[in-house]
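# Residue-level structural notes
Here is how the chains run, residue by residue.
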Amino acid sequence: YNHLYCAAAKRNDEYIFIVDSQFEQRKKDYNWPDAGNIKIEILDEKYTKRAKDKNLILSAFWRTKILYDAIKRHKADHVLLLETQFFLPFLPLIKRLAFPKVSISGIMFRSYPYRWKNGCSTLAIIQDKMKLWLMSKTSCFGKIFMVNDGTTACFLNRKYRTDIYRFLPDPIMKISIENHED
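What you see is a predicted model, and the numbers here were worked out from it, not measured in a lab.

### Some words on the overall build of the protein
Along the backbone of the protein there are 8 helices and 6 strands. Moving toward the C terminus, one meets the helices and strands of the protein in the order α-β-α-β-α-α-β-α-β-α-α-β-α-β. Expressed as a percentage of its 182 residues, the buried residues of the protein come to 36%. Residue pairs at least 24 apart in sequence account for 58% of intrachain contacts in the protein once pairs closer than 6 positions are excluded.

### Describing the sheet that holds strand β4 (residues 103-108)
The strands that make up a sheet are held in pairs by hydrogen bonds between backbone atoms, and each pair lies either parallel or antiparallel. With parallel pairing, 4 strands are arranged side by side in an open sheet as β3-β4-β5-β6. In this open sheet, the two edge strands, each paired with only one partner strand, are β3 (78-82) and β6 (165-168). Sheet twist, expressed as the average angle between the axes of neighbouring strands with direction ignored, equals 25°. Note that β3 and β4 share 5 bridges and pair parallel. Across the sheet, Leu-82 pairs through a bridge with Ile-107, a residue of β4. Each of β5 (141-147) and β6 is contacted by helix α8 (residues 150-159), which is oriented at about 175° to β6, the strand it contacts most.

### Thoughts on the pattern of salt bridges
Opposite charge on two side chains makes pairing possible when the charged atoms of those side chains draw close. For the coordinates displayed, the defined rule picks out 4 salt bridges. Between Asp-20 and Lys-52 there is a salt bridge; the shortest N-O distance is 3.5 Å. Taken together, the residues span a long stretch of sequence, with Asp-20 in the loop between β1 (15-19) and α2 (23-26) and Lys-52 in the loop between α3 (45-48) and α4 (56-74) at a distance of 32 residues. The partner of Lys-65 in a salt bridge is Asp-69, and the shortest N-O contact between them spans 2.9 Å. Placement of the pair is Lys-65 and Asp-69 together in helix α4, with a separation of 4 residues, close to one helical turn. Here Lys-65 falls in the partly exposed class, since its relative accessible area comes to 33%. Classification of Asp-69 by relative accessible area gives buried; the value is 16%.

### A short note on the environment of Ala-9
Note that Ala-9 resides in helix α1 (residues 2-9). Spatially, the C-alpha atoms of Ala-9 and Ile-38 are 6.9 Å apart, while their sequence positions differ by 29 residues. Residues within four places of Ala-9 in sequence aside, it is in contact with Ala-35, Asn-37 and Ile-38.

### Some points on the pairing of β3
Of the two faces of β3, only the one carrying Val-79 and Leu-81 is buried; His-78, Leu-80 and Leu-82 on the other face are not. For the segment spanning β3, helix α5 (residues 91-98) and β4, crossover handedness is right-handed.

### Some thoughts on the nonpolar core
In this structure, Leu-91, Ile-104, Leu-132, Met-135, Phe-141, Ile-144 and Tyr-165 are the most contacted members of the largest nonpolar core, which totals 25 residues. Within the residue set of this core, elements represented by two or more residues are α4, β3, β4, α6 (112-117), α7 (122-137), β5 and α8. Grouped together as the second largest cluster of nonpolar side chains are 7 residues, Ala-8, Phe-17, Val-19 and Ile-38 included.

### A word on α5
Along α5, the residues classified as buried are Leu-91, Pro-92 and Lys-95. Each buried residue of α5 sits inside an arc of 100° when the element is viewed along its axis, so together they form one side. For α5, the exposed residues set more than 90 degrees away from the buried face come down to Leu-93 and Leu-97. Summarising the contacts, the buried residues of α5 are in contact with α4, β3, β4 and β5.

Cut-offs applied
Residues numbered from 1 in each chain as written. Predicted model: local features only at pLDDT ≥ 70, side-chain atom pairs only at ≥ 80, totals over all residues. Heavy atoms only, no water. Helix = DSSP H or I, 4+ residues; strand = E, 2+ residues; numbered from the N terminus. Buried < 20%, exposed > 50% of the residue type's maximum accessible area, 1.4 Å probe, protein only. Contact = heavy atoms within 4.5 Å. Pairing = 2+ DSSP bridges. Axes fitted to C-alpha atoms, helices over the stretch in contact; angles between N-to-C directions. Salt bridge = Lys/Arg side-chain N within 4 Å of Asp/Glu carboxyl O. Right-handed = clockwise from strand over helix to strand, strands pointing away. Core = buried A, V, L, I, M, F, W, Y, C linked by side-chain atoms within 4.5 Å. Arc of directions from axis to C-beta.

Written as structure tokens, this is what we have:
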């Protein structure tokens, strides 16, 4: 989150970071100076509880519902999702019906082909492939950024005959050693 916030703070556009209530506990780990163009909205725990359901379909439905409400509330014209795959299969349908002009991009931290290679259930592989197909073949997404994995981005673009998957290097954080004791 830190690099996204810092990049947004340097721009003139308005940004809204919508985070779950656990952010309150973790925000001390982030260096987020006040920025006039950024608002942080913390979702109520009871609102997000359903989105953490162990049933992946129910979880995706509630995550998409939370996103739908946020887009409507803030009149957003562009959305950047972290862990994009957790909003599928419902996101393309909601976007097409309710917000056809909203641009959606996403970031994926998991590399599915490596996960398949390292062993996972056949059902998990089928679900993963369906999600990737949905991301590739619906007009819902502008770009999907693959963190630290240019190979997978190229593989998925070639496999699904698209160009939405992009390589996103993980930023290197500057660490100050001036006040560090040995």
